Amino acid sequence: MKIIVLVKEVPDTYGDRKLNLETGLADREASETVIDEIGERALELALKYADANPGTEVAVLSLAPEGATATIRKGLAMGAASATHVSDEALRGADLGLTAETLAAAVRRMGFDLVITGNVSTDGSGGMIPAMLAELLDVPHATGLSSVKISDGAVSGSRPVDSGVQTVSADLPAVISITEALPGPRFPNFKGIMAAKKKPLEVLTLADLGITADNPEAARSIMLTIAEKPPRAAGVKILDEGDAGEKLADFLIENRLA
Ligand SMILES: Cc1cc2nc3c(=O)[nH]c(=O)nc-3n(C[C@H](O)[C@H](O)[C@H](O)COP(=O)(O)OP(=O)(O)OC[C@H]3O[C@@H](n4cnc5c(N)ncnc54)[C@H](O)[C@@H]3O)c2cc1C
C-alpha cells in the first residue's frame, strides 16, 4: 500500500501573518514557516497505519517555494520514507486550479493507493484542493473525516454534520481529507532527524510534470484587488445601571445575534 500525504508549508500559525500588498501573496519572509498542522495530523494518520502494517510506504508531497526543503524534511524526520517537492517560479501565486492540476500530476507520477490531505489550510483556506485532486485523479473522495479506518482495499470514516454523524467508505485508490479531530503529530526524534538527511527528496518542476502554467485553455482565476484587514474596532461596554439585561438584548437584536 502506498500512501501519499499532502503537506503545505504555511506561515507559523502563532506568528504574525502579512500580505504583500503589491503582489497579494503571503509575505513568506515576514514570519517563520512550518508544515501546516493539519498536514502533520494527516501524516500521523498514515504513519500510524504504516507502523501497524509493514510494507506500507508513506510519501509526502508539497508544492511550495524553493526554500521549503527544510520544512518538508520534517515530514521525513517524522517517519515518511520519501518526499516530493514541486517547485517552480511559474507557480508563484498559483490559483487553486493550477495547484490541483500540478499536485494531481505529481501524485500520478508517484503512484498511490491512498492520498491523505487536510480539509483546509490555515493560510489559503480554500478548502477545495482535496475535491479538485480527486476529480482530476478520477477516484472517490471522502471529505472532512473526523475518524478514519484504513484497510487493505478500502478506507472508511465518519464525518460530523449538523444533524448527526455520517459514516462513509470508498474503495481504494481514493483521496480523503481529515479534520483537526484526528490525533496530533508525533515529535521527530534524533534518530528520525538524522535518518531524514539520507531519505530521497525529489524536486520537480512544471516541465517535469508536463504542465504549462499559462495554458490558455485552462480556466485560471486572478486576484483583482487586495487590502489589509481593517483594524479591530473597540468593543461595546455595557454598564449595569439596572437595565444591562435590556441593553444586552437590544445589542444582540441590533446585530442579528439573537
Ligand atoms: C513558488 C510558490 C509560491 C507560493 N506562494 C503561496 C502563497 O503566497 N500563499 C499561498 O497560500 N500558497 C502559496 N503557494 C502554494 C499554492 O499556490 C497553494 O497551496 C494553493 O493555492 C492551495 O490553496 P489552499 O491553501 O487554499 O488549499 P486548501 O484547499 O485549503 O488545502 C487543503 C489541503 O490540501 C493540501 N494542499 C493545499 N495546498 C497544498 C500545497 N501547496 N502542497 C501540498 N498540499 C497542499 C493540504 O493537505 C491542505 O491541508 C505557493 C506555491 C509555490 C510553488
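This text goes with the structure placed above it.
Residues numbered from 1 in each chain as written. Predicted model: local features only at pLDDT ≥ 70, side-chain atom pairs only at ≥ 80, totals over all residues. Heavy atoms only, no water.

1. Overview of helix α2 (residues 69-78)
Test applied: Note on exposure labels: buried denotes an accessible area under 20% of the residue type's maximum, exposed denotes more than 50%, and partly exposed covers the range between, all computed with a 1.4 Å probe on protein chains only. Here a helix means four or more residues in a row that DSSP labels H or I, a strand means two or more in a row labelled E, and each is numbered from the N terminus.
Where α2 is concerned, the buried positions are Thr71, Ile72, Gly75, Leu76, Ala77 and Met78. The positive-phi residue at the C-terminal boundary of α2 is Gly79, with phi of around 140°.

2. A closer look at the pattern of salt bridges
Applied cut-off: Note on definitions: salt bridges are taken to be side-chain nitrogens of Lys or Arg within 4 Å of carboxyl oxygens of Asp or Glu.
Throughout the structure, instances matching the rule amount to 11 salt bridges. Note that Glu57 is salt-bridged to Lys2, the shortest N-O span being 3.7 Å. One end of the pair, Glu57, is in strand β4 (residues 57-63); the other, Lys2, is in strand β1 (residues 2-6), with 55 residues separating them in the sequence. Taking the shortest distance from any N to any O, the salt bridge between Arg186 and Asp51 comes out at 3.1 Å. Taken together, the positions of Arg186 in the loop between β11 (174-178) and α5 (190-196) and Asp51 in helix α1 (residues 37-52) put the pair 135 residues apart, joining distant regions of the chain. By relative accessible area, Asp51 is classed as exposed at 54%. One network of salt bridges, with partners in common, ties together Glu44, Asp51 and Arg186.

3. Some details on the pairing of β11
To be explicit about the condition: Strand pairing requires that DSSP identify at least two bridges connecting the strands.
The buried fraction of β11 is high, at five of five residues. What you see with β11 is no split at all: Ala174, Ile176 and Ile178 on one side and Val175 and Ser177 on the other are buried throughout. In the sheet, strand β6 (residues 114-118) pairs with β11 via five bridges, with the strands oriented parallel. Across the sheet, the residue bridging to Val115 is Val175, located in β11. Two strands pair when backbone bridges link them, and strand β7 (residues 141-145) and β11 are joined in this way by three bridges, in the parallel orientation. In the strand pairing of β11, Ala142 is matched with Ile176.

Geometric descriptors of this kind do not, in isolation, establish any biological role.
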